[in-house]
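One letter stands for each residue in the lines below.
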Amino acid sequence: MKYYITTPIFYPNSSPHIGTAYTTVAADALARYHRLLGDEVYFLTGTDENAQKIVRTAEACSTDPKIYCDGVVERFKELWEALDISNDDFIRTTEERHQKVVQQIFTKLYEQGDIYKSEYAGWYCTPCETFWLENKLIQGKCPNADCNREVELLKEESYFFRLSKYQNILYKYIEEHPEFIQPTSRRNEMLRFIESGLEDLCVSRTTFQWGIKVPFDPKHVVYVWLDALINYISALGFPDGENYRRYWPADVHIMGKDIVRFHAVIWPIILLALDIPLPKVIYGHGWYLTKEGGKISKSRGNVQDSFELIQRYGSDAIRYFLLREMQVGSDGLYSEDNLVERLNSDLANDFGNFISRSLAMVVKYRNGVVPRPGQDGVLEQELKELSQEIKKAVEKSLEVFDPASALEQIWRFVARCNKYVDETAPWSLAKQDNQRERLDTVLYTFVECIRIMAVLTAPFMPGLPPRICALLGLDKGCIRWEEVDQWGILEPGTQVQKGEPLFPRIDISQFTIAGETKTVDQDQNMNQTQAQKETGEAVPAPEFEPIKAEISIDEFAKLDLRVAKILSAEKVEKTDKLMKLEVEVAGVVRTVVSGIAKHYAPEDLVNQYVVLIANLKPTKLRGITSQGMILAASQGDVLEVLMVNKDLPGGARVK
Ligand code: MSP
């Protein structure tokens, strides 16, 4: 089976951001999934360069549009590489292979009477690259709710494409093919839009020269949407290229909801007019919004550097977050806090932790050698049935382009596996001589569960399979979709390793308290110590932070810990965590900003003696210079400041 999937081609008027990345990551997950199914996949992305906004941006930077595009296109390519995007091709609309197809099609449509010359008078919105009728404007501005910017009146000789001629054919086609526009809410929107009447579309411009020339009338350049949409076939070598014959029609065009209209109306009509089969599915996803509610977009200035995010959290974690948070038919909420929360709970705690703790037990109880399992019990049977159910559910979700629910299903399996560890309590089995075979079965099941997780998550987090295969002592060939729900694949006798945690936990409290400095403390030891706890102790304890790497007594002696007397305390304005303290230590008064405000009222602190790290380099928190840190113990939601009760003066040493 062939599978042709595309993203929109992006305007390279600014660097890509995490919002734009969603479409490409989603398309990549689908492409990878189809490759795993054994389909012959062709995955296309690219850039839409012949737009007026590109000329404007390049002019603003006093540079040539092509040179400007070349630079930004490189950023796109770098981002896709950093996000492990596996596109087979990258088309730029300034390439000759694209331009010649656009010219051919324009000429053909003109010759058959579907394009005609007339005069255009209308309001043009450059950011949206769209003409609007006067009666559609809202208070004289662009009616696109996300734009609402100034429009300009344009009057010029133009070529027009007869959309109106195909209106009824298209309407009937959409009605008869419920799968054509997805999800259903977008299909309904499109039907309403077509019912309101299609107007012929202006497809050329004479007021600027940047773009593809109309071959028989070179003072015109082809207007952006007709030009852009054709990329989906020009990249395949339309009309007689091998790829075109092999891959067209597209199995799915994935895009944001804002551009479904162009794909569901203009594109099918171009194809109908050329007597070319229509793409099978046009899928419109929501947008990533910020907490404040706005779409993430460069023009809103709410864009975070995607490269920095990838560097900080890793491509797999970013991909997981983007795919997991965007529910079908609605928008997704993006914030770095949400991202860290997902990373810690789903990836570090649930997924990574299962892998570390179960491999640690194979290492501890069987020297890392996968044992031959004994007879399955009820729990193993249940896991096997669940794996079959999950495989089907994931397949069903991906058939309807819904990675979020596919991941939700996979995490049901992850949760069940974690429960299996607690239910089987291998640390108790290990203490009973007559439970040797049972322990073998449990340990073998662990390793099979890890293999299954590696296969299930492979399309979404492509960085994982090689890392997991290495832990399991397998080559990449162990990632076979058809074997997801088949058990007994892993050979007993295989040597496994504990390895490094796959997703180190991010210390979110430090992350939020530090606010503007955004210190991220990656705790490398978390999963390992927890696994040690499980293999060494019979009674499961609450989740503790791991004990940090050893230090010498000399290193400890560098810390100057002192008793300090709190003279005054007040909450820092506009924060709920921070308390500003004045403390007296060794005859001087210091200011300390401490993240304890949720746990203490100022009056409970004044006149108390606490322990201060007196020689910590000062740091600024919310504009206040904090000269040290006071010690507090915390577990979960409980926090207690360490207080000294004996009559010791401020300044006494703590050692
Ligand atoms: N060039 C046209 C597409 C032509 S396709 C023949 C275009 N480009 S774009 O760069 O403005 O947008 C490309 C895609 O990015 C769109 O699908 C758009 O919805 C998506 N996104 C831009 N910001 C986004 C978010 N904040 N969230 C999710 N998708 C976002 O339109």
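Residues numbered from 1 in each chain as written. Predicted model: local features only at pLDDT ≥ 70, side-chain atom pairs only at ≥ 80, totals over all residues. Heavy atoms only, no water.

Caption draft 1: How the structure looks around the overall build of the chain. Secondary structure summary: the chain contains 22 helices and 26 strands in total. For the chain, the C-alpha atoms occupy an extent of roughly 95 × 70 × 40 Å along the three principal directions. Counting over 655 residues, the chain shows a buried share of 54%. Put simply, the chain shows about 28800 Å² of open surface, and 49% of that area lies on carbon and sulfur atoms. Each charge sign in the chain was given a centre, from 77 positive and 94 negative side chains, and these centres are 2 Å apart. (Helix = DSSP H or I, 4+ residues; strand = E, 2+ residues; numbered from the N terminus. Buried < 20%, exposed > 50% of the residue type's maximum accessible area, 1.4 Å probe, protein only. Areas by Shrake-Rupley, 256 points an atom, 1.4 Å probe, with all protein chains shown as cover. Lys, Arg positive; Asp, Glu negative; His and termini not counted. Charge placed at Lys NZ, Arg CZ, Asp CG, Glu CD.)

Caption draft 2: Structural detail: the site of the ligand. The local shell around the ligand holds 24 residues, among which Ile9, Asp48, Gly256, Asp258 and Tyr288 are the closest. Backbone polar atom of Gly19 to a nitrogen atom of the ligand: 3.3 Å apart, as the coordinates give it. Between Tyr288 and the ligand, the recorded distance is 2.8 Å, taken from a backbone N or O atom to a nitrogen atom. In the complex, the protein chains occlude 94% of the 660 Å² of accessible area that the ligand would expose alone. Listed by contribution, the elements that provide at least two residues to the shell around the ligand are β1 (2–10), α1 (18–37), α7 (224–229), α8 (231–234) and β11 (252–256). Of the residues belonging to the shell around the ligand, the class tally is 13 nonpolar, eight polar and three charged. (Near = heavy atom within 4 Å. Polar contact = N/O pair within 3.5 Å; in protein donor to acceptor, adjacent residues only side chain to side chain. Nonpolar A, V, L, I, M, F, W, Y, C, P; charged D, E, K, R; others polar.)

Caption draft 3: Highlighting unusual backbone geometry. In this structure, the amide linkage connecting Gln182 to the following residue, Pro183, adopts the cis form with an omega of -10°. Looking at where Pro183 falls in the secondary structure, it is placed in the loop between β7 (181–182) and α6 (184–195). Here Trp248 and Pro249 are connected by a cis peptide whose omega angle stands at 5°. Among the structural elements, Pro249 can be located in the loop between α9 (242–247) and β11. A positive phi is found at Asn367, a non-glycine position, where the angle reads about 55°.

Caption draft 4: View of the nonpolar core. Ranked by size, the top nonpolar core spans 105 residues in total, and within it Phe351 and Phe413 carry the most contacts. At 13 residues, helix α17 (residues 436–457) tops the list of elements feeding residues into this core. When neighbours within four sequence positions are excluded, Phe351 is seen to be in contact with Asp346, Trp411, Val414, Met453, Thr457, Leu464, Ile468, Leu502 and Phe503. In this structure, Val102, Tyr223, Trp225 and Leu229 belong to the second largest nonpolar core, which totals 74 residues. (Core = buried A, V, L, I, M, F, W, Y, C linked by side-chain atoms within 4.5 Å. Contact = heavy atoms within 4.5 Å.)

Caption draft 5: Local environment of the environment of Trp225. Looking at the element boundaries, Trp225 is found in helix α7. Separated by 22 residues in the primary sequence, Trp225 and Val203 place their C-alpha atoms 7.7 Å from one another.

Caption draft 6: Just the sheet that holds strand β5 (residues 130–132), in detail. If you walk across this open sheet you meet the four strands as β5-β4-β6-β8, and the pairing is antiparallel. Each edge of the open sheet is held by one strand with a lone partner, namely β5 and β8 (201–202). Across three bridges, strand β4 (residues 115–125) lies against β5 in antiparallel orientation. Across the sheet, residue Cys125 finds its bridge partner in β5, namely Thr130. Contacts from helix α10 (residues 260–274) reach β5, β6 (152–161) and β8 within the one sheet, and its direction differs from that of β6 by about 30°. (Pairing = 2+ DSSP bridges. Axes fitted to C-alpha atoms, helices over the stretch in contact; angles between N-to-C directions.)

Caption draft 7: Expanded view of the confidence of the model for the chain. Chain-level pLDDT for the chain is 89 on average; 92% of the residues reach the 70-or-more range. pLDDT under 50 marks residues 511–542. Its contacts with residues more than four places away, or in other chains, come to 80 contacts. (pLDDT = per-residue confidence, 0-100.)

Caption draft 8: Inspection of the packing of aromatic side chains at higher detail. Summed over all chains, the structure comprises 30 aromatic pairs. Aromatic side chains Tyr420 and Phe446 sit 5.8 Å apart centroid to centroid with 85° between the ring planes, which places their arrangement in the edge-to-face category. Pair noted here: Tyr420 is in helix α15 (residues 403–424) and Phe446 is in helix α17, with a separation of 26 residues, a long-range link. Each member of the pair, Tyr420 together with Phe446, is buried. Among the aromatic side chains, those forming a connected cluster through ring pairs are Tyr4, Tyr42, Tyr232, Tyr247, Trp248 and Trp267. Above the ring of Trp287, the side-chain terminus of Lys257 is found at 4.6 Å from the ring centroid. (Phe/Tyr/Trp six-rings, centres within 6.5 Å; stacked < 30°, edge-to-face > 60°. Lys NZ or Arg CZ within 6 Å of the ring centre and 35° of its normal.)

Caption draft 9: The pattern of salt bridges, seen in detail. One pass over the full model with this rule turns up 39 salt bridges. With its nearest N and O atoms 3.4 Å apart, the salt bridge here joins Lys172 to Glu176. Remark: Glu176 and Lys172 occur in helix α5 (residues 163–176); sequence separation between them is four residues, near one turn of the helix. Among the charged side chains, a network of salt bridges with common partners joins Glu49, Lys66, Asp70 and Arg92. (Salt bridge = Lys/Arg side-chain N within 4 Å of Asp/Glu carboxyl O.)

Caption draft 10: Region of interest: the side chain of Asn418. Topologically, Asn418 is positioned in helix α15. Apart from the residues lying within four places of it in its own chain, the contact partners of Asn418 are Asp350, Phe354 and Arg357.

Caption draft 11: Focus on α15. Given a rise of 1.5 Å per residue, 22 residues ought to cover 32 Å, and the 32 Å separating the end C-alpha atoms of α15 matches this to within 8%. The buried fraction of α15 amounts to 16 of the 22 residues, a majority that puts the element mostly inside the structure. Looking one or two residues beyond α15, the residue adopting positive phi is Ala425, at roughly 35°. (Expected span 1.5 Å × (residues − 1).)

Caption draft 12: Quick look at the state of the cysteines. Evaluated as defined, the whole model comprises zero disulfides. Sulfur of Cys69: no disulfide; nearest cysteine sulfur belongs to Cys61 and is 11 Å away. Overall, the relative accessible area of 0% leaves Cys69 in the buried class. Cys449 takes part in no disulfide bond, and the closest cysteine sulfur to it belongs to Cys417, at a distance of 3.7 Å. Taking relative accessible area as the criterion, Cys449 reaches 0% and is therefore assigned buried. (Disulfide = S-S within 2.5 Å.)

Caption draft 13: Quick look at a nonpolar patch on the surface. Together, Ile551, Ile553, Phe556 and Leu559 make up an exposed nonpolar region whose accessible area comes to about 390 Å². Within the secondary structure, Ile551 sits in the loop between α20 (526–536) and α21 (553–557). (Patch = residues over 30% accessible without salt bridge, like charges linked within 9 Å, V, L, I, M, F, W, Y side chains within 5 Å.)

Caption draft 14: Representation of the sheet that holds strand β3 (residues 89–92) within the structure. Taken together, six strands build an open sheet; the order of strands is β3-β2-β1-β11-β12-β7 and the sheet is parallel. The open sheet has two edge strands with one neighbour each: β3 and β7. Relative to β11, β1 is paired through two bridges, and the arrangement is parallel. Bridged to Ile5 within β11 is Val252. Lying over the sheet, helix α3 (residues 65–82) contacts β1, β2 (40–47) and β3, oriented at roughly 160° with respect to β3.

Caption draft 15: Here's a closer look at α6. Over its twelve residues, α6 runs 16 Å from end to end, which matches the ideal 16 Å to within 8%, given 1.5 Å per residue. Within the span of α6, buried status applies to Arg186, Arg187, Met190, Leu191 and Ile194. Along the axis of α6, the buried residues cluster in a sector spanning 140°; they form a single face. The secondary structure elements touched by the buried residues of α6 are α5, β7, α10 and β12 (282–285). Looking one or two places after α6, you find Gly197, whose phi comes out positive at around 100°. (Arc of directions from axis to C-beta.)

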